[in-house]
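Structural description and commentary
Okay, here's what each chain looks like letter by letter:
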Protein chains: 2
Amino acid sequence: MSADLPVSFADVRAAAERLRGIAHRTPVLTSRTFNALTGRKVFFKCENFQRAGAFKFRGAYNRLSQLRDEEKQRGIVAFSSGNHAQGIALAAQLLNIPATIVMPDDAPAIKLTATRGYGAEVILNDRQKTSREEIARQLAQERGLTLVPPFDDPHIIAGQGTAALELCEEIPDLDALITPVGGGGLISGCAIAARGLQPRIAAPPATIADGIRTQAIGTLTFAIMRALLREIVIVSDAEILDAVRFVISRMKMIVEPTGAVPIAAVMQQRIPANLKRVGIIVSGGNISGALLNEVKF
Amino acid sequence: MSADLPVSFADVRAAAERLRGIAHRTPVLTSRTFNALTGRKVFFKCENFQRAGAFKFRGAYNRLSQLRDEEKQRGIVAFSSGNHAQGIALAAQLLNIPATIVMPDDAPAIKLTATRGYGAEVILNDRQKTSREEIARQLAQERGLTLVPPFDDPHIIAGQGTAALELCEEIPDLDALITPVGGGGLISGCAIAARGLQPRIAAPPATIADGIRTQAIGTLTFAIMRALLREIVIVSDAEILDAVRFVISRMKMIVEPTGAVPIAAVMQQRIPANLKRVGIIVSGGNISGALLNEVKF
């Protein structure tokens, strides 16, 4: 079955080689308080400490480093409201590739600043009037740029999978692996990595939040998810905020709401009771200042 | 010279053995943004992820685990407004030792709750009227309890030194090691550990903040500091808050103001320019909710 999938375990391994010394090998943290609270043993793979603040840098760098020289010279274009923009901008900067990123004009100032700070040209888009994907496609055509999709791409998926590869190498006997789901790039890559390294995780459960402005799942990511995932569970905005508050006050780290989704799922006991050793990909830490100011302790 | 010191490198090694599997081996994080900003290569030893939220647990456990059986049965008493209280309470709980902690009646609710949560009896003290140290001494005498001092004790000092031991084992060629200074327990233990493992750190500079309600330096800690420290630098409250804000927004982790002191010292370039590879002990993450609510992003 997995022989037919668009991304192989060998692809994830190759991505890990490309990222060696470039992406952070992020730490795996544990919290006895969280374990006592949930009756599990949970291992948090902290991609909130990744470069540019999220796992997205992994896929972005893996993708951009494989462009042909002429593609690199002409440059790339991407569209994103957040972490993909920053991941792509940083990867492009490191590889000396001109980057154009289409972002919504109501994106948080900190994200615009960070993306520009990595040297990308930011084009603002009024999301009421035009689709930023449309604008990106137009730019790609007019300027001969390579369009880098946010998730539905084999190299992006393989890159994201390196987060789970590192986690499963370090904690070799997990019962389950949980990640948030947006377009499915992270969960797909991680499922392939976990399955490859640790066949006992027959089907890592995925978490999807109704609180996330999720894009449609991609064609490639859907194929992988359908083949490898055991379960998708839902958490509410309030449950996500509770998890954010717990992680900040007890685990002393910043997570963005998306990154707290799998944590909320475990706190709310949405995961089957027999799965005791649980790995969580904490996807990122790029919470907006406005939201952080709102959280009360 | 160091042969005369009250704590030896072997003591730190022995403490590390006692703490194995009990204290967290906390991660060492880096931030390229911070390095670019400061022109150094800085390694953050994250004791904000330590059990009970601070390095204090190391010394507390090392001290309490060496009590005689009859001392353990009678119990211990300590006085503290913060991290020492929690570190002692948790260590006592793990070792099945009854613990009484004298705390100021205006201590943040979260610290009182945490200390009680670890099973300690908390006695509140009006700091306008009586010294909590006095009350603790009285309790020790009346009830036959062992008084556990916050820093001026060889076992406490040796335990705190294990933080630097782990850091220097992982990053073997530091030019300098910086820690905050309260009573001097952390800096003393760390200086002994760093000197023992890495004689090239001839004299790690220490940082002291005028923003910290610092106790007097202890007798033992003063002797060690005088022998081993190169320098003490000062940072302001505003500089500490800037560092807290940087660490939260860019490094995605929570530090308490004390933990941000060495970070502020590097940000403000108070450290000699030739010290390029710098280790920092991020002492803890127990920031009060009130202060965290005040920090604006």
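The present account deals with the structure reproduced in this document. Given the structure is predicted, the values throughout are model-derived calculations rather than measurements.

**What about the interface of chain B and chain A?**
- In this complex, chain B contributes 24 residues to the contact, which on the side of chain A involves 24 residues.
- Carbon and sulfur atoms make up 56% of the area that chain B and chain A hide from each other, which totals about 2100 Å².
- Among the residues chain B hides against chain A, the three largest losses belong to R32, K252 and N293 of chain B. Together they make up 31% of the total.
- For the pair chain B and chain A, the number of links is 6 residue pairs in polar contact (both at pLDDT 80 or more).
- Elements with a contribution of two residues or more to the side of chain B that touches chain A: α11 (237-251) and α13 (289-294) of chain B.
- Here the side of chain B that touches chain A gets 3 residues from one element, more than from any other, and that element is α13 of chain B.
- Residues of the side of chain B that touches chain A, tallied by class, amount to 11 nonpolar, 9 polar and 4 charged.

**A closer look at the pattern of salt bridges**
- The full count for this structure, using the stated rule, is 36 salt bridges over all chains.
- Among the ionic pairs, R245 of chain B bridges to D242 of chain B, the shortest N-O distance being 3.2 Å. With R245 of chain B and D242 of chain B both in helix α11 and 3 residues apart, this pair spans about one turn of that helix.
- On the accessibility criterion, D242 of chain B (39% relative accessible area) is partly exposed.
- Sharing partners across several salt bridges, the network here consists of K45, E47, R58 and E166 of chain A.

**Structural notes on the relation of the copies chain B and chain A**
- Once turned by 180° and shifted 0.0 Å along the axis, chain B lies on chain A with an RMSD of 0.0 Å. Put plainly, the chains are arranged around a two-fold axis. It is M253 of chain B whose C-alpha, among those of chain B, lies nearest the rotation axis, at 2.0 Å.

**A few points about the pairing of strand β2 (residues 41-46) of chain B**
All names here are of chain B.
- A large share of β2 lies buried, amounting to 5 of its 6 residues.
- Where strand β1 (residues 28-29) and β2 come together, 2 bridges link them in antiparallel fashion. Opposite L29, over in β2, you have F44 as the bridge partner.
- Judged from the 6 bridges that link them, β2 and strand β10 (residues 277-282) form a sheet pairing that is parallel. Paired with F43 across the bridge in β10 is G279.

**Quick word on the sheet that holds β2 of chain B**
Residues and elements named next belong to chain B.
- Strand order across the open sheet formed by 4 strands is β1-β2-β10-β7, with mixed pairing between neighbours. Of all strands in the sheet, those with a lone pairing partner are β1 and β7 (176-178), marking the two edges.
- Along the sheet, helix α8 (residues 154-170) makes contact with β1, β2, β7 and β10, crossing β10 at roughly 145°.

Procedures and definitions
- Residues numbered from 1 in each chain as written.
- Chains lettered and ligands numbered in written order.
- Predicted model: local features only at pLDDT ≥ 70, side-chain atom pairs only at ≥ 80, totals over all residues.
- Heavy atoms only, no water.
- Contact = heavy atoms within 4.5 Å.
- Buried area = accessible area lost by both parts, 1.4 Å probe.
- Polar contact = N/O pair within 3.5 Å; in protein donor to acceptor, adjacent residues only side chain to side chain.
- Helix = DSSP H or I, 4+ residues; strand = E, 2+ residues; numbered from the N terminus.
- Nonpolar A, V, L, I, M, F, W, Y, C, P; charged D, E, K, R; others polar.
- Salt bridge = Lys/Arg side-chain N within 4 Å of Asp/Glu carboxyl O.
- Buried < 20%, exposed > 50% of the residue type's maximum accessible area, 1.4 Å probe, protein only.
- Least-squares fit on C-alpha atoms with pLDDT ≥ 70 in both.
- Pairing = 2+ DSSP bridges.
- Axes fitted to C-alpha atoms, helices over the stretch in contact; angles between N-to-C directions.

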